[in-house]
Amino acid sequence: MSKNTASVAKVQKMMQEMHIDDKLSTSSQFILPIVFENQSFNHSPHHQQQLQKQHCDRARFFYRLRQKKKQRRLQHDPLPVRHHQQHVEEIKRHNQEQKMENKLITAIVGSSIARNISVKNIENETNEVRLRFKSGSDCADALTWLESTDGQIFMRNLNQLIFILGTNDIHRDGAFQTVERIDYTVEKIRRLYPGINIVWQLLQQRTRKTWLLPEDQAVLNEIEICNRLLLELAAKKKFDTIQSAIPIQCMYDGLHPSRYGVEMMEATIRNYLQQNKMVYSSSFSNISHRFQSNVYPPPLMSINL
């Protein structure tokens with residue numbers, strides 16, 4: 001029996017088992033063997049290799065397609081760019097907050113002598129500087145403001161306080177009472193804000209007259225006495241002093257420093273901050289201190305010019 005005859009007999013037997021009419025047409029007798037022969041051919045090793053190659057080519061095609069879509073999305077979609085910018089901003093903000101925690105915060109409180117000081121000329125990566133000045137301000141006026149709500153916010157997280165005051169005090173009361181006012185101011189600040197470092201700038205030369213003294217040499221002599229007493233007080237009460245030593249010719253109106261004089265003050269403060277990187281008491285924090293109930297002497301009378 002030939003191979004084709006055997007295949008036909010096999011098919012007929014299968015169809016009988018499946019209750020299919022065994023009256024096959026002539027065309028069926030020729031088609032069915034071909035189908036089975038093709039099935040046996042399709043399972044050949046060569047065909048398997050072709051199928052595997054087609055499968056690999058198909059997978060490679062879709063992988064490349066996905067990669068191209070991904071590249072187009074990265075190039076044209078704004079969302080990834082925005083997320084990246086937000087991430088960069090968060091890192092910058094975190095770094096700034098870290099730097100702020102390590103910064104030495106200094107405040108300057110003064111009269112019109114300090115009005116032209118620029119904190120940008122003093123600050124650096126390790127120092128933050130705040131400035132508050134008021135024309136005509138004296139020790140009493142400055143203390144009143146530092147006790148106020150605005151003053152307490154100004155003093156928050158502060159490490160040290162530099163005073164550029166005394167010119168208006170000596171104008172009315174002279175050297176001895178001015179130093180007494182400075183003593184009172186230092187003591188009260190230490191009570192209100194424990195742990196803070198206090199620095200006082202010595203009085204600058206002036207030629208403009210005061211209420212008590214005529215202009216020129218008499219005023220200069222009084223300022224010299226005041227600064228000598230102030231240095232003695234600083235040694236006794238343990239606070240620092242700085243001196244810009246602005247030449248008299250750089251006090252353009254006999255009272256206020258010129259641009260060069262202001263630059264000298266900025267340089268003096270900047271050098272002081274660089275040379276005195278201290279470890280400060282942790283008792284002073286961003287929480288407002290309750291003012292202590294100690295009995296103070298009568299408040300200073302502010303001078304209104």
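The residue numbers shown here count from 1 along each chain, following its written sequence. Given that the model is predicted, a residue must reach a pLDDT of at least 70 before its local features are reported, and side-chain atom pairs must reach 80 or more before they are shown or counted; all residues, however, enter totals for whole chains, interfaces and linings. Note that water and hydrogens are dropped before the side-chain values are worked out from all heavy atoms of the structure.

1. A word on unusual backbone geometry
- The phi angle at asparagine 157 is positive, at roughly 65°, despite the residue not being glycine.
- Checked against the element boundaries, asparagine 157 lands in the loop between α6 (149–154) and β3 (160–164).
- Non-glycine residue alanine 245 carries a positive phi angle of around 50°. Note on conventions: DSSP H or I runs of at least 4 residues are helices, E runs of at least 2 residues are strands, and numbering of each starts at the N terminus.

2. Notes on the nonpolar core
- Of all hydrophobic cores here, the largest spans 36 residues; its most connected members are Leu146, Leu161, Phe163, Ile189 and Trp200.
- Secondary-structure elements contributing two or more residues to this core are β1 (104–110), α5 (139–147), β3, α7 (167–192), β4 (197–201) and α8 (217–237).
- Any pair of residues with heavy atoms lying within 4.5 Å of one another is described as a contacting pair. The contact partners of leucine 146, leaving out residues within four places of it in the chain, are Val109, Gly151, Gln152, Phe154, Met155, Leu161, Phe163, Ile189 and Tyr193.
- Ile113, Val199, Ile242 and Tyr272 belong to the second largest nonpolar core, which has 19 residues in total. Each nonpolar core is a collection of buried residues, namely Ala, Val, Leu, Ile, Met, Phe, Trp, Tyr and Cys, held together in the definition by side-chain atoms within 4.5 Å. Burial classification: accessible surface area is computed with a 1.4 Å probe over protein chains only, and a residue below 20% of its type maximum counts as buried, one above 50% as exposed, and the rest as partly exposed.

3. A few points about helix α9 (residues 259–275)
- With 17 residues, α9 should cover 24 Å at 1.5 Å per step; its first-to-last C-alpha distance of 24 Å lies within 8% of that length.
- Gly261, Val262, Met264, Met265, Glu266, Thr268, Ile269, Tyr272 and Leu273 are the residues of α9 that are buried.
- Buried residues in α9 make contact with β1, β2 (127–133), β3, β4 and β5 (240–242). Any helix carries an expected span of 1.5 Å times its number of residues minus one.

4. Side note on a nonpolar patch on the surface
- Taken together, Phe61, Phe62 and Leu65 make up a surface patch of nonpolar side chains, about 270 Å² in accessible area.
- Turning to its location among the elements, leucine 65 is positioned in helix α3 (residues 45–76).
- On the accessibility criterion, leucine 65 (31% relative accessible area) is partly exposed. Patch membership needs two things, relative accessible area over 30% and no salt bridge, and members are linked within 9 Å if like-charged or within 5 Å if nonpolar (Val, Leu, Ile, Met, Phe, Trp, Tyr). For accessible areas, the Shrake-Rupley method is used with a probe of radius 1.4 Å. Any residue's cover is judged against the shown protein chains and nothing else. For this document, the term salt bridge refers to a Lys or Arg side-chain nitrogen within 4 Å of an Asp or Glu carboxyl oxygen.

5. Details of the sheet that holds β2
- One bridge is not enough; two strands pair if DSSP finds at least two bridges between them. A sheet is described by the order of its strands in space; here 5 strands give the open sequence β2-β1-β3-β4-β5, paired in parallel fashion. Edge positions in the sheet fall to β2 and β5, since each of these pairs with one other strand and no more. Averaged over all adjacent pairs, the angle separating strand axes in this sheet is 20°, with direction ignored.
- Pairing geometry for β4 and β5, over 3 bridges, is parallel. Of the residues in β5, the one forming a bridge with valine 199 is aspartate 240. Note on method: axes are straight lines fitted to C-alpha atoms, helices fitted across the in-contact stretch only, with angles between N-to-C directions ranging 0 to 180 degrees.

6. Quick notes on the packing of aromatic side chains
- The rule is short: rings of Phe, Tyr and Trp, with Trp giving its six-membered ring, pair when the centres are within 6.5 Å, and they are stacked under 30 degrees, edge-to-face over 60, tilted in between. Summed over the entire model, instances satisfying the criterion amount to 2 aromatic pairs.
- Taking the centre distance of 5.2 Å and the plane angle of 65° together, the rings of tryptophan 145 and phenylalanine 154 count as edge-to-face.
- Exposure remark for tryptophan 145: the relative accessible area of 18% places this residue in the buried category.
- Arginine 132 extends its terminal NZ or CZ atom over the ring of tryptophan 145, reaching a point 4.3 Å from the ring centre. Two thresholds decide whether a charge sits over a ring: the Lys NZ or Arg CZ must be within 6 Å of the ring centre and within 35 degrees of the ring normal.

7. Re the side chain of glutamate 266
- With respect to the element layout, glutamate 266 can be found in helix α9.
- The exposure class of glutamate 266 is buried, given its relative accessible area of 3%.
- For this analysis, a polar contact is any N or O atom pair within 3.5 Å, provided that within protein one partner can donate a hydrogen and the other can accept it, and provided that sequence-adjacent residues contribute only side-chain to side-chain pairs. Within the local environment of glutamate 266, its side chain forms a polar contact with the side chain of asparagine 121, the two groups lying 3.2 Å apart.
- With residues near it in sequence (within four places) discarded, glutamate 266 still touches Asn116, Ile117, Ser118, Asn121, Ile122 and Arg259.

8. Regarding the environment of leucine 229
- Along the polypeptide, leucine 229 turns up in helix α8.
- Sequence separation between leucine 229 and phenylalanine 176 is 53 residues, and the spatial gap between their C-alpha atoms is 7.8 Å.
- Look past the residues within four positions of leucine 229 in its chain and what remains in contact with it is Phe176 and Val179.

9. Here we look at the packing of α7 against α8
- Direction vectors running N to C along α7 and α8 enclose 20°, while the axes themselves pass 10 Å from each other. The angle between the axes of α7 and α8 places the two elements in the roughly parallel class. Note on packing geometry: the crossing formed by α7 with α8 is right-handed. Residues Ile170, Gly174, Ala175, Phe176, Thr178, Val179, Ile182, Asp183, Glu187 and Arg190 of α7 form the contact with α8, whose participating residues are Glu222, Ile223, Ile225, Cys226, Leu229, Leu230, Leu233 and Lys237.
- Under the scheme applied, nonpolar residues are Ala, Val, Leu, Ile, Met, Phe, Trp, Tyr, Cys and Pro; charged residues are Asp, Glu, Lys and Arg; polar residues are all the others, including Gly. Here the contact of α7 with α8 is composed, by residue class, of 11 nonpolar, 2 polar and 5 charged. Here the angle decides the label: under 35 degrees means roughly parallel, over 145 means roughly antiparallel, 65 to 115 means roughly perpendicular, and every other value means oblique. Take the far helix as your reference; a near helix turned counterclockwise from it by less than a right angle gives a left-handed crossing, and one turned clockwise gives a right-handed crossing.

10. Overview of the pairing of β3
- For β3, a buried count of 5 out of 5 residues is recorded, marking the element as mostly surrounded by other parts of the structure.
- Inspection of the sheet shows β1 paired to β3 by 5 bridges, in the parallel sense. Pairing of isoleucine 108 across the sheet is with isoleucine 162, part of β3.
- With 4 bridges joining them, β3 and β4 adopt parallel strand pairing. Considered in β4, the bridge of glutamine 160 is made with asparagine 197.
- Here, the term right-handed applies to a crossover whose path from the first strand over the helix to the second runs clockwise when the strands point away from the viewer. Crossover connection from β3 via α7 to parallel β4: handedness right-handed.

11. As for the pattern of salt bridges
- Scanning the model with the defined rule gives 11 salt bridges in all.
- Close ionic contact of glutamate 128 with arginine 130 constitutes a salt bridge, the shortest N to O distance being 3.6 Å. Across this residue pair, the class does not change: glutamate 128 and arginine 130 are buried.
- Here glutamate 147 makes a salt bridge to lysine 188, at a shortest N to O gap of 3.1 Å. Linking glutamate 147 in helix α5 with lysine 188 in helix α7, this pair joins segments that are 41 residues apart in sequence.
- Each of the salt bridges in this network shares a partner with another, and the network as a whole consists of Asp138, Asp169, Asp173 and Arg181.

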